[in-house]
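# Geometric and topological summary
This is what each chain is made of:
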Amino acid sequence: MNTSNIAEKEPKTTAKLSSEQTLEIEDNHITVGSCFSDNPKMTMRNVNVFYADKQAIFDVSLDIEKNEVIAMIGPSGCGKSTFLRTLNRMNDTVDGCRMDGDICMDGDDLYAPKLDVVELRARVGMVFQKPNPFPKSIYDNVAYGPKIHGLADSRVDLDEIVENSLRKASLWEEVKERLHQPGTGLSGGQQQRLCIARAIAVSPEVILMDEPCSALDPIATAKIEELIEELSENFTIAIVTHSMQQAARVSHRTAYFHLGKLIEVNPTEQVFTMPQHQLTEAYITGRFG
Ligand SMILES: Nc1ncnc2c1ncn2[C@@H]1O[C@H](COP(=O)(O)OP(=O)(O)O)[C@@H](O)[C@H]1O
Ligand SMILES: [Mg+2]
């Protein structure tokens, strides 16, 4: 990748602060903090993402560590969702979107031409902002993935996968008597846990969550946050959130994005108590957002 080209096209970007102060991001900004890991699940190097000729992500390099919960925060439009979608090639489905750079999982290139994208999306599952259960029964929502990926040899196997996934998503006790009723009949928080059960059912290695609680009430949110902590024992989780409190509660490391650039990555506690970059500090102290 030729970074000098991008630097030429891209003028120095300026972050507007409410207090009329401005902070500049250098064209050749280098992420501060601890971006790399000795035990990475995913590695990204020099990733740029474009929508037609508009660049949305600038030269991001980052490791996501095995079994960590990493939170992505930053003002609206800073590229958090775009970044997250590069990790399971969901951007492939967006017209005019292209990326360059390298993204690997366990050392394998996720953008290799021969890679099976359907299989990748089972290995790297995704939970969206708005719960989106299929118009099917609770059982069939969870059984769908294992069926199409041939993960169950018998009905008994499938029943077991469905039960285990619903248990891991902390939903089993609430739905075990009504597995054959529509998933869409559940409350919002239950629907989101159903979507998490659906993602878990195909035994993913990584779960991506894009503002999974933004449509939920505080009680449902607390349940999902508790669940995220439990899930991190078995999965690697990358979560986008617009709530700094949520990032502080659920994540081990926090990545702060600004205008498509990865400004800082550090242990979550540090980001919220002793941020290393002045832009991170301006954001967490509410000077813009
Ligand atoms: N499908 C798309 N087509 C064109 N531009 C897009 C598309 N999706 C996002 N963008 C642009 O990319 C930038 C980053 O967006 P996004 O990743 O959604 O940010 P965030 O999730 O942080 O709010 C924004 O400027 C947004 O307008
Ligand atoms: Mg977003």
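Notes on the structure in this doc start here. Values in this document were obtained by computation on a predicted structure and should not be read as measured data. Residue indices begin from 1 for each chain and proceed along its sequence in written order. As a convention, the first chain written is A and the first ligand written is 1, with the rest following in written order. Where local features are concerned, this predicted model is filtered to residues with pLDDT of at least 70; where side-chain atom pairs are given and counted, the filter is 80 or more; whole-chain, interface and lining totals use all residues.

Here we come to unusual backbone geometry. Backbone phi values are negative for most residues with the exception of glycine, while trans is the configuration of most peptide bonds. Even without a glycine there, the phi angle at Asn46 is positive, about 50 degrees. Here Asn46 shows up in strand S4 (residues 40–51). Exposed residues have 12 or fewer other C-beta atoms within 10 Å of their own C-beta, buried residues have 20 or more, and partly exposed residues fall in between, where C-beta atoms are placed from the backbone. Looking at Asn46, the number of C-beta atoms within 10 Å reads 13, which means it is partly exposed. The backbone of Leu259 shows a phi angle near 45 degrees, a positive value even though the residue is not glycine. Runs of E in the DSSP output that reach at least two residues are strands. Runs of H or I that reach at least four are helices, and both are numbered from the N terminus.

The next thing to look at is the packing of helix H7 (residues 188–200) against helix H8 (residues 218–231). For the pair H7 and H8, interaxial distance at closest approach is 9 Å and the crossing angle is 20 degrees. Judged by the inter-axis angle, H7 sits roughly parallel to H8. Handedness of the H7/H8 crossing: right-handed. Residue-level inspection shows Gly188, Gly189, Gln192, Arg193 and Ile196 of H7 in contact with H8, the latter providing Ala220, Lys223, Ile224 and Leu227. Here the term charged refers only to Asp, Glu, Lys and Arg, the term nonpolar to Ala, Val, Leu, Ile, Met, Phe, Trp, Tyr, Cys and Pro, and the term polar to all other amino acids, Gly among them. The residue inventory of the contact of H7 with H8, partitioned by class, reads four nonpolar, three polar and two charged. A fitted line through C-alpha atoms serves as each axis, taken over the contacting stretch for helices, and the angle formed by two N-to-C directions is quoted from 0 to 180°. When describing relative orientation, an angle under 35 degrees is termed roughly parallel and one over 145 degrees roughly antiparallel, while 65 to 115 degrees is termed roughly perpendicular and anything else oblique. Crossing handedness follows the turn of the near helix against the far one: under a right angle anticlockwise gives a left-handed crossing, and clockwise gives a right-handed one. Any pair of residues counts as being in contact when their C-beta atoms, constructed from backbone geometry, are within 7 Å of one another.

Without other data, these values stay purely geometric and don't point to any function.
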